[in-house]
Amino acid sequence: MVRLGPFARYLLMRAAFLLATYITAITIVFLLPRLIPGNPLALLLTQLYQQAQANPEAIKEVYKTLMEEFGVGKPLWEQYVDFLSHALRGDLGTSIAFYPRKVIELIAPAIPWTVGLLVPSTITAWIIGNTLGAIAGYRRGSYFEKTVLTVSLILSQTPYYWLAMLLVYIFAIKLNLFPAGGGYSYGLVPSLTPEFIADLLWHYTLPFLSIVLVAVGGWAIGMRVLVIYELGADYMVFSENLGVEERKLFRYAFRNSLLPQVTGLALSLGSVLGGQLITEIVFNYPGTGYILFRGLSTLDYPLIQGVFIILVATLFLANFIVDFIYALIDPRIRLGYAQA
Amino acid sequence: MAVPTIVWVLLTNRRFVVGIALFLAVVLTGVIGPLLYPVDPLSFAGPMETPPCEKYPLGTDTYGRDVLAQLLVGTRTSLYVGFLTALIAMAIGTVIGAAAGVKGGLVDEALMAITNVTLSIPSILLAILIASYLKVRSLEVVAAILGITSWPWYARAIRAQLLSLREREFIYLSRMAGYSDLRLAFEDLLPNIATYIFMAMVLFINGGILGEAGLSIIGLGPTQGVSLGLMLQWATLMEAFRRGLWWWFVPPGVMIVAATSSLMIVSTAMDEVFNPRLRERG
């Protein structure tokens, strides 16, 4: 029980930090349109108002809803409290382009698609990349190391979305092996039948590959350096001179180098997610990237903001899970807090 | 004598030579290319969607514009955005990271709180949000958006590097000698992480080039001119990759990868040469 104390405390602190950050993110969403000169939201309202005068009742309704949600006429702090309390309860406002549908209704069905692409591809890339990088670092100067490093350097700097275009062009258009886009075939209804799952995986392959290939490069580069550092550490040189067998040495180096890579996982999820959103657009994949793109092309600000808030929340949940794993495998965390 | 030796060591490193040659080729393409091939990249004069031929070495797009002309000017634009992004991000990151690392205490806590909060929000998402509110986006605005959203990891890394150095003997000696914090930062600490700073710069330039392309594809790139990202956006809008118009979407991507990966190759090679912990033993 005593040993569990610092562990729980660490997790609690992480949770508090993530919550504070989440509120900051919402605050940024609130402040941005109000700080930018020419207030884009107000501009949108004026535009809608002019359209409403031209004719239909429908636009007047949109206008009224927006006026209320934006809090026109209320003092800033009241607007902020409203916005924050709504956002924390999951009410992200009403879409303009898809009026009268709520933003959350539009985003919710897209989240499983995005998470279903993000998490498996990130984990796969993490495992493959770290393994390749560790072996490369251990076999310094070999042909294997040189190949892994060069290929990783190029892959890691390739934009996901361009790789996505190449994959579509080669494997879907030229070779006709995979579909050119979409989450599943037209006419199929999402269900748990083998037929649908096979179709799903068939559509999944190219988007999955486009993310894994790029991400593998980054992990391999990082891991190679970490292992080389580790091999140069005093304890390693000492063990080597003691005649500890090679496989054991490799295992020491690998284990110790993995820790920073776990921390890196939390950070990389965010940047992978950013790239993935654009990849989804290239593939017409029914994830949040696609929703975001529709929001952007119609300047549907409530929808754009909603996607931002939801994605940040999803990411923080993932970060917390990574923190949990990290705390489990790093005894130094418990030690550090026990001393403090 | 020291400098020629270093240059010699670098020039005998094959990876460095290949990387720097490739990067110089990209820079020359962007700087001199448009002068050697003075065709208006935005002129609708040509025929539609023509594959590469004698008159149009890289073909034309749906609007009858010359793809090669776009590629040359686009390379210049993208490099400019990349460098500017790096400049902005590193200025912010160095100041915050160094202040936190050298000062320590409350300053450190406060700055790191800001950094960690910003770091937790994915930079590209924040960039998308900011860009969506700006109706007119010049190249400088795009670079500023990318720079402002990408500095945190660097500030944290600088601080971490400085903290690990702080406990070394030579720092204690300098402190005992009564050096000021500023002198400590510039004479003892920052030179020790010079390679690290260079590698970070490479990452930021690449981040700027890739970020511009990413923003452009979803319609949030520069609102004027030509860039590699804008070329990809037009190609995406017209579904070039689904319709087999390879000459339209392949060249800008190849140019982006050439620019970014050559820089990565250079920085990796330099790290191998300068970083004592990476030198091969025996």
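From a predicted model like this one, the values you see are computed outputs, not experimental measurements.

The rules behind the values
Residues numbered from 1 in each chain as written. Chains lettered and ligands numbered in written order. Predicted model: local features only at pLDDT ≥ 70, side-chain atom pairs only at ≥ 80, totals over all residues. Heavy atoms only, no water. Helix = DSSP H or I, 4+ residues; strand = E, 2+ residues; numbered from the N terminus. Buried < 20%, exposed > 50% of the residue type's maximum accessible area, 1.4 Å probe, protein only. Areas by Shrake-Rupley, 256 points an atom, 1.4 Å probe, with all protein chains shown as cover. Contact = heavy atoms within 4.5 Å. Buried area = accessible area lost by both parts, 1.4 Å probe. Salt bridge = Lys/Arg side-chain N within 4 Å of Asp/Glu carboxyl O. Polar contact = N/O pair within 3.5 Å; in protein donor to acceptor, adjacent residues only side chain to side chain. Nonpolar A, V, L, I, M, F, W, Y, C, P; charged D, E, K, R; others polar. Patch = residues over 30% accessible without salt bridge, like charges linked within 9 Å, V, L, I, M, F, W, Y side chains within 5 Å. Phe/Tyr/Trp six-rings, centres within 6.5 Å; stacked < 30°, edge-to-face > 60°. pLDDT = per-residue confidence, 0-100. Domains from an automatic or database assignment.

Turning to the overall build of chain A, a few remarks are in order. What chain A contains, in helices and strands, is 14 helices and zero strands. If you list the helices and strands of chain A from N to C, you get α-α-α-α-α-α-α-α-α-α-α-α-α-α. The 340 residues of chain A split such that 47% are buried. As presented, chain A carries roughly 16600 Å² of accessible surface, and 68% of it is formed by carbon and sulfur atoms.

A few words now on the interface of chain A and chain B. Contacts between chain A and chain B engage 61 residues on the former and 48 residues on the latter. Both sides together, the interface formed by chain A and chain B hides about 4900 Å², and carbon and sulfur atoms give 74% of it. When the buried surface of chain A facing chain B is broken down by residue, Gln157, Trp162 and Tyr229 of chain A rank first, second and third, together holding 14% of it. A salt bridge links Arg224 of chain A to Glu272 of chain B; its shortest N-O distance comes to 2.6 Å. Summed over the shared surface of chain A and chain B, the result is 11 residue pairs in polar contact (both at pLDDT 80 or more). Looking at the side of chain A that touches chain B, its residues break down into 45 nonpolar, 12 polar and four charged.

Our focus in this paragraph is a nonpolar patch on the surface. All names here are of chain A. Taken together, the side chains of Ile321, Phe324, Ile325, Leu328 and Ile329 make up a nonpolar region of the molecular surface, amounting to roughly 450 Å² of accessible area. Along the chain, Ile325 falls in helix α13 (residues 301-329). We classify Ile325 as partly exposed; its relative accessible area is 40%.

Each pair of aromatic rings is reported with the distance of its centres and the angle of its planes. Residue and element names in this part refer to chain A. Evaluation of the coordinates by the stated rule reveals 15 aromatic pairs over all chains. An angle of 75° between the planes, with centres 6.5 Å apart, marks the rings of Trp126 and Trp219 as edge-to-face. In this pair, Trp126 sits in helix α6 (residues 111-138) while Trp219 sits in helix α9 (residues 194-231), placing the two residues 93 residues apart along the sequence. No difference in accessibility class separates Trp126 from Trp219, as the two residues are buried.

This paragraph deals with the confidence of the model for chain B. Residues and elements named next belong to chain B. Scored by pLDDT, chain B comes out at a mean of 87, with 98% of its residues at no less than 70. Element-level pLDDT for chain B is lowest in helix α1 (residues 2-11), with a mean of 71, against a maximum mean of 94 in helix α7 (residues 139-150). Both scores are available for the predicted complex, with the pTM at 0.87 and the ipTM at 0.85.

Right, let's talk about unusual backbone geometry for a bit. All names here are of chain A. Positioned with a positive phi, Asn284 is a non-glycine residue whose angle comes to about 55°. Within the fold, Asn284 resides in the loop between α11 (246-283) and α12 (288-297). Overall, the relative accessible area of 32% leaves Asn284 in the partly exposed class. Phi is positive for Leu299, close to 50°, though the residue is something other than glycine. Looking at where Leu299 falls in the secondary structure, it is placed in the loop between α12 and α13.

Right, let's talk about the environment of Ala194 of chain B for a bit. Within the element layout of this structure, Ala194 of chain B appears in helix α11 (residues 194-217). Distance in space between the C-alpha atoms of Ala194 of chain B and Asp108 of chain B is 22 Å, their sequence separation being 86 residues.

One can read the domain layout of chain A as domain 1 (6-104) and domain 2 (110-285). For domain 1 of chain A versus domain 2 of chain A, the separation of C-alpha centres amounts to 36 Å.

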